[in-house]
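Breakdown of the fold
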Amino acid sequence: MKELLDAFNDFCTDPSIKSGKASSYTRAIKYLCNFLEINEINSQTIEEIKNSKNFISDTNSRLYKDLLQSLEVNGRASYLSNGFIKAALPQFLSFCGKNEKFNKTTKVQA
């Protein structure tokens, strides 16, 4: 996962992103992938991440509640409750769409 997250972090530091939160976005995606038990990035797992987007926005959804509980155990709940995971998702999906090497199967190390 390190190669993927490093490349995503670099993508988020581009001035056109204007987030100023590259490292927070990178950790947010790492925590989401860990929760979803995603250990490789390919078109199927990108679709799974994309499908989680609406549930991450809904504080009453089962996914949101389970993810929050999982993050609380590790002291990382703020990544969900402060909106970093939600904000990171469009950037991550854009990053994957623009990088062909991450559209094919890429092993991810948690």
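In short, a report on the structure. (Residues numbered from 1 in each chain as written. Predicted model: local features only at pLDDT ≥ 70, side-chain atom pairs only at ≥ 80, totals over all residues. Heavy atoms only, no water.)

1. Notes on the overall build of the protein chain
Along its length, the protein chain carries six helices and two strands. Ordered by position from the N terminus, the helices and strands of the protein chain form the series α-α-β-α-α-α-α-β. Relative to its full complement of 110 residues, the protein chain shows a buried share of 41%. Summarising the internal contacts of the protein chain: among those between residues at least 6 apart in sequence, 66% fall at separations of at least 24. When the accessible area of the protein chain is evaluated, it comes to approximately 6400 Å², of which 44% is carbon and sulfur surface. (Helix = DSSP H or I, 4+ residues; strand = E, 2+ residues; numbered from the N terminus. Buried < 20%, exposed > 50% of the residue type's maximum accessible area, 1.4 Å probe, protein only. Contact = heavy atoms within 4.5 Å. Areas by Shrake-Rupley, 256 points an atom, 1.4 Å probe, with all protein chains shown as cover.)

2. Notes on the nonpolar core
In terms of nonpolar packing, the biggest core is built from 34 residues, with Ile-49, Ile-85 and Phe-92 touching the most fellow members. Contributions of two or more residues to this core are made by α1 (2–12), α2 (22–35), α3 (43–57), α4 (62–73), α5 (78–81) and α6 (84–98). For Ile-49, the residues in contact, after removing those within four places along its chain, are Leu-32, Cys-33, Leu-36, Ile-38, Ile-41, Leu-89, Phe-92 and Leu-93. (Core = buried A, V, L, I, M, F, W, Y, C linked by side-chain atoms within 4.5 Å.)

3. Quick notes on the pattern of salt bridges
Under the criterion given, the structure shown has three salt bridges. Across the pair Lys-50 and Glu-47 runs a salt bridge whose closest N-O atoms are separated by 3.9 Å. You can see Lys-50 and its partner Glu-47 sitting in helix α3, three residues apart, about one turn around the helix. A salt bridge links Arg-62 to Asp-66, with the nearest nitrogen and oxygen atoms 2.9 Å apart. Separated by four residues within a single helix, Arg-62 and Asp-66 lie in helix α4, roughly one turn from each other. (Salt bridge = Lys/Arg side-chain N within 4 Å of Asp/Glu carboxyl O.)

4. Regarding the packing of aromatic side chains
Enumeration according to the criterion identifies seven aromatic pairs in this entry. Between Phe-8 and Phe-11 the ring centres are 6.5 Å apart and the planes differ by 20 degrees, which places this aromatic pair in the stacked class. Of this pair, Phe-8 and Phe-11 both sit in helix α1, separated by three residues, roughly a single helical turn. Taken together, the aromatic side chains of Phe-8, Phe-11, Phe-92 and Phe-95 make up a single cluster linked through ring pairs. (Phe/Tyr/Trp six-rings, centres within 6.5 Å; stacked < 30°, edge-to-face > 60°.)

5. Focus: the side chain of Ser-24
The topology assignment puts Ser-24 in helix α2. Using a relative accessible area of 15% as the deciding quantity, one classes Ser-24 as buried. Beyond its immediate sequence surroundings of up to four residues, Ser-24 is in contact with Tyr-79 and Phe-84.

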